[in-house]
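Structural features, examined
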Amino acid sequence: MVADEQDPRRRIPRTDQLLGHPQVRAAGEAMSERVVRGIVRAAQDRARRGDISPEQVLEEILAAVGERPAGSLRPVLNATGVIVHTNLGRAPLSEVARRAVSDAAGYTDVEFDLATGARSRRGAGARAALLAACPQAEDALVVNNGAAALVLATTALAGTGEVVLSRGEMIEIGAGFRLPDLIASAGAQLREVGTTNRTHLADYTDALGANTGCVLSIHTSNYRIIGFTSSVPIAQLAPECREAGVPLVADLGSGLLQPEQALPEEPDANTALRQGADLVIASGDKLLGGPQAGILLGKREIIARLARHPLARAVRADKLALAAVGATLTGPTPPVLAALRTDPRQLRARTEQVAARLGAPVVEHDGRVGGGGGAEVPLPGWAIQLEEQLATALRSGDPAVVGTVKDGACLLDLRCVPQAQDDTLTQAVIAARERLAGAPGPGAHSRAGAEPTTGEEQE
């Protein structure tokens, strides 16, 4: 009996006591009771195994519930200089788009006419905003991403018939996905024309026939073929398709609705439609600067044909995406376009101010559009040059800061960092340096954002 009373496991706090602790109860506001109980049980089990002492159980629980975010995604300061960074979630939403998403999180009139009390067309606000931003379009449809838009278009227009596509436009996108495979997965047949480097108008016209469902023109947004090359622009291809009665679909990818001075070679939806495309496809979370979405713009009868297809239901956009698309288009300049249009001189002055506080040099650093847009187009700029070993410490900090490791240094490019976050980034670097040194320096805990974190490193 004496030995049993000395068993340290008897000192492990009871579950009801731990759940009744004020800070543990408060955690229930951000996470479910099931999750909180799981954290409590995990700490108790660690104490039973002897990994921690019974007296450390409450401390571990409080640390877990205090550091655990409501969501599973961690906010990141993007200091890479890549504007549409696919691994970091592509386009950050504008403040008005964030508010629109928050408002749409509850009940909304997404398919309801408040004036008549009858059912209405889904996402009417987003549709109106798209048509205002792209006057050449007769109608618009929003689906859940760009790949879905492409599959819906080719499936609805071609069915099991042929989709005519140049071999020079048979693109592989991120994670090994190939657009030709995507098209064929729904049953359409690819009719390849031309060669990798040269495709002529006659290649297209010779391929047009009774089994042709559509002609597809894909913008090679993530690579360039140079040298002995030839391609057929929309303006030349459109009359031949019109004469043959075959829809011409232009997949622009990057999401520009109007010409962009900073990217004069990047195609835009309004121009493509004016040149004769019947349907244009673009992504919402790239240069449009909005949420993940597939944007379809074009002739009224073609959009109606797509909207009626059974696949449209499977790929339709949810109310949050629709709200964000509308707000992005009707609101002020979104962060993506603001970063794209950054004045290099202003960026240098701002970078030098932050670098001076960190005692670090400033070096030239070209930003990039990213996300398959503006391929090989450098965006002249500047970056703070830090010690290479800081890269991991910055990624594992709170907030996480992602820079670029290059030539034995960690480079922080402020192009995509909101100016209001300069102090936060500065303190994140100071905190990372202190963690690497093994202990916080004098007064470290008194500086906002500088307190060392114990978050697990994110690679």
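Just above, that's the structure.
Our subject in this report is the structure included herewith. (Residues numbered from 1 in each chain as written. Predicted model: local features only at pLDDT ≥ 70, side-chain atom pairs only at ≥ 80, totals over all residues. Heavy atoms only, no water.)

**A look at the nonpolar core**
- Formed by 36 residues in total, the largest nonpolar core has its most connected members in Leu-130, Val-215, Val-280 and Leu-297.
- Here this core takes 4 residues from helix 11 (residues 234-244), the largest share from any one element.
- With residues near it in sequence (within four places) discarded, Val-280 still touches Ala-250, Leu-252, Ala-269, Ala-272, Leu-273, Ile-295, Leu-296 and Leu-297.
- In this structure, Val-143, Leu-152, Leu-179 and Leu-216 belong to the second largest nonpolar core, which totals 28 residues. (Core = buried A, V, L, I, M, F, W, Y, C linked by side-chain atoms within 4.5 Å. Buried < 20%, exposed > 50% of the residue type's maximum accessible area, 1.4 Å probe, protein only. Helix = DSSP H or I, 4+ residues; strand = E, 2+ residues; numbered from the N terminus. Contact = heavy atoms within 4.5 Å.)

**Points about the packing of aromatic side chains**
- Here the structure, examined in full by the defined rule, presents 0 aromatic pairs.
- In this structure, Arg-198 is placed above the aromatic ring of Phe-228, and the distance from its NZ or CZ to the ring centre is 4.0 Å.
- For the cation-ring pair, Arg-348 lies above Trp-382, with the distance from its terminal atom to the ring centre recorded as 4.2 Å. (Phe/Tyr/Trp six-rings, centres within 6.5 Å; stacked < 30°, edge-to-face > 60°. Lys NZ or Arg CZ within 6 Å of the ring centre and 35° of its normal.)

**So, the sheet that holds strand 12 (residues 404-406)**
- Taken in spatial order, the 4 strands line up as 9-10-13-12 in an open sheet, and their pairing is antiparallel. Since the sheet does not close on itself, it has two edges, and those belong to strand 9 (362-364) and strand 12, each with one partner. Put simply, the sheet's adjacent strands are angled 45 degrees from each other on average, direction ignored.
- Lying over the sheet, helix 17 (residues 344-358) contacts strand 9 and strand 10 (382-387), oriented at roughly 25 degrees with respect to strand 10. (Pairing = 2+ DSSP bridges. Axes fitted to C-alpha atoms, helices over the stretch in contact; angles between N-to-C directions.)

**As for helix 19 (residues 422-437)**
- Helix length check: helix 19 (16 residues) gives 23 Å between terminal C-alpha atoms against 22 Å at 1.5 Å per residue, within 8%.
- The complete set of buried residues in helix 19 reads Asp-422, Leu-425, Thr-426, Gln-427, Ala-428, Val-429, Ile-430, Ala-431, Ala-432 and Glu-434.
- Looking at the buried residues of helix 19, the elements they touch are strand 1 (76-78), helix 17, strand 10, helix 18 (390-395), strand 11 (400-402) and strand 13 (409-412).
- Positive phi appears at Gly-438, one or two residues downstream of helix 19, with a value of about 100 degrees. (Expected span 1.5 Å × (residues − 1).)

**Considering the pairing of strand 6 (residues 248-253)**
- The buried count for strand 6 comes to 6 of 6 residues, which makes it a mostly enclosed element.
- Taking every second residue as pointing to the same face, both faces of strand 6 are buried, with Leu-248, Ala-250 and Leu-252 on one and Val-249, Asp-251 and Gly-253 on the other.
- By the bridge criterion, 4 bridges tie strand 5 (residues 212-218) to strand 6 in an arrangement that is parallel. Paired with Ser-217 across the two strands is Ala-250, which belongs to strand 6.
- With respect to chirality, the unit in which strand 5 leads through helix 11 into the neighbouring parallel strand 6 is right-handed.
- When strand 6 meets strand 7 (residues 279-283), the two strands line up parallel, connected through 4 bridges. The residue of strand 7 that forms the bridge with Asp-251 is Ile-281.
- Tracing the backbone out of strand 6, into helix 12 (residues 269-274) and back to the parallel element strand 7 gives a crossover that is right-handed. (Right-handed = clockwise from strand over helix to strand, strands pointing away.)

**As for the pattern of salt bridges**
- Summed over all chains, the structure comprises 23 salt bridges.
- Across the salt bridge formed by Arg-127 and Asp-139, the nearest N and O atoms sit 2.6 Å from each other. Here Asp-139 lies in strand 2 (residues 139-143) and Arg-127 lies in helix 7 (residues 124-133), a separation of 12 residues in the sequence.
- Using a relative accessible area of 26% as the deciding quantity, one classes Arg-127 as partly exposed.
- Through salt bridges with shared partners, one network takes in Glu-111, Arg-119, Arg-122 and Arg-316. (Salt bridge = Lys/Arg side-chain N within 4 Å of Asp/Glu carboxyl O.)

**Regarding unusual backbone geometry**
- Across the junction of Asp-398 and Pro-399, the peptide omega takes the value 10 degrees, indicating a cis bond.
- Structurally, the position occupied by Pro-399 is in the loop between helix 18 and strand 11.
- You will see that Arg-90, though not glycine, has its phi angle at about 55 degrees, which is positive.
- For Arg-90, the position within the fold is in the loop between strand 1 and helix 6 (95-104).
- Look at Arg-90 and you get partly exposed, because its relative accessible area is 25%.
- Its identity is not glycine, yet Asp-407 carries a phi of approximately 50 degrees, on the positive side.
- Within the fold, Asp-407 resides in the loop between strand 12 and strand 13.
- When its relative accessible area of 75% is taken as the criterion, Asp-407 is described as exposed.

**Some points on helix 7**
- Residues Ala-126, Ala-129, Leu-130 and Leu-131 constitute the buried set of helix 7.
- On its buried face, helix 7 sits against strand 2, strand 8 (294-298) and helix 15 (319-330).

**Considering the environment of Val-354**
- As for its placement among the helices and strands, Val-354 is situated in helix 17.
- If sequence neighbours within four positions are ignored, Val-354 has contacts with Ile-384, Leu-414, Asp-422, Leu-425 and Thr-426.

**Description of the sheet that holds strand 4 (residues 189-193)**
- Spatial strand order, 2-8-7-6-5-3-4: 7 strands in an open sheet with mixed pairing. Each having just a single partner strand, strand 2 and strand 4 make up the two edges of the open sheet. This sheet shows a mean twist of 25 degrees between the axes of neighbouring strands, independent of strand direction.
- Its contacts with the sheet place helix 7 against strand 2 and strand 8, and it is angled at close to 125 degrees to strand 2.
- Against the sheet, helix 11 makes contact with strand 5 and strand 6, and its axis sits at roughly 155 degrees relative to strand 6, the strand it touches most.

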